[in-house]
Amino acid sequence: MSFELRGPTLSLRIPTEDDAEALLGLASDPEVTRWFSWGPYTDVAQPRRFLVGLEDERLRGEKLDLLAVHHERGPAGITGLYEFSVRDRRCVCGTWFGREFWGTGANRESKALLQHLAFAELGMHRFGSYSNPLNERSTRALIGVGLRHEGVLRGYHRHGDHHLDVNIFGLLRAEWESSALRAEFAGAISVVGSPPPTFVADP
Ligand SMILES: CC(C)(COP(=O)(O)OP(=O)(O)OC[C@H]1O[C@@H](n2cnc3c(N)ncnc32)[C@H](O)[C@@H]1OP(=O)(O)O)[C@@H](O)C(=O)NCCC(=O)NCCS
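Note that the structure is a prediction, hence the values are computed from the model and not measured.

(A) Representation of the site of the ligand in the model. Inspection of the region around the ligand gives 18 residues, with Trp102, Asn107, Glu136, Arg140 and Ala141 positioned closest. Mapped onto the shell around the ligand, the elements with two or more residues apiece are strand E5 (90-97), helix H4 (106-121), strand E6 (126-131) and helix H5 (136-144). Here the shell around the ligand takes 6 residues from H5, the largest share from any one element. Counted by class, the shell around the ligand contains 7 nonpolar, 7 polar and 4 charged residues.

Rendered as structure tokens:
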């Protein structure tokens, strides 16, 4: 199924197994995966396994991971939505980019596209996210794209043998409608195809 969100400098699209080499190149850097319970990638079989599993996760309505592709520089990283409750009309976002894309505005544009997807295409009411309190870069980046820091969830994320605290962030539909990020990309986002139906809330 073809589905793509296009912005001025990058697009978000459903990745395929053919993107495994690109993901290996981007996430073989330990700085990129430092805060995650996976990685860094050392072999192309690892991103391939991740990519092959995505289709089932989409069919089950669990996770909608998209590949960010810079119009000139090619694949940049993964950003997506997960922890869906279509009943409550909420989901959370997660993102990683190759280090060469940090601080370039790619994250900001990808979040404008992802928020457009969540609110305008999927009918969500709440767009959330988490960060490790020690991951100041991610925390600042989330606040910079309009999310509000709502508190700390204690012992929320299991990472190896440890249970870590996480920051919880949220952006509600009405806040998105009047947000600076939405205004910045107004008229600059186009959507090709339809999002997978399992994620779309009833009108
Ligand atoms: C998190 C990530 C997607 C953010 O993208 P980015 O392009 O690096 O972020 P941005 O440039 O949009 O914003 C980073 C913000 O952190 C600030 N920052 C940068 N380095 C920092 C540091 N060491 N400590 C604190 N703040 C820092 C920047 O100044 C900027 O804030 P500002 O807009 O208020 O100036 C990217 O860094 C990444 O892929 N990291 C690895 C994976 C990861 O940690 N994902 C998030 C898991 S929750």
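Picking up after the structure, the text goes on.
(B) Spatial organisation of the sheet that holds E6. Strand order across the open sheet formed by 9 strands is E7-E8-E6-E5-E4-E3-E2-E1-E9, with mixed pairing between neighbours. The open sheet has two free edges, formed respectively by strand E7 (148-159) and strand E9 (190-193), since each of these has just one partner strand. When strand polarity is set aside, the average angle formed by the axes of neighbouring strands in this sheet is 25°. Bridge count between E5 and E6: 4 bridges; the pairing is parallel. Across the sheet, residue Cys91 finds its bridge partner in E6, namely Phe127.

The rules we used
- Residues numbered from 1 in each chain as written.
- Predicted model: local features only at pLDDT ≥ 70, side-chain atom pairs only at ≥ 80, totals over all residues.
- Near = placed C-beta within 6 Å.
- Helix = DSSP H or I, 4+ residues; strand = E, 2+ residues; numbered from the N terminus.
- Nonpolar A, V, L, I, M, F, W, Y, C, P; charged D, E, K, R; others polar.
- Pairing = 2+ DSSP bridges.
- Axes fitted to C-alpha atoms, helices over the stretch in contact; angles between N-to-C directions.

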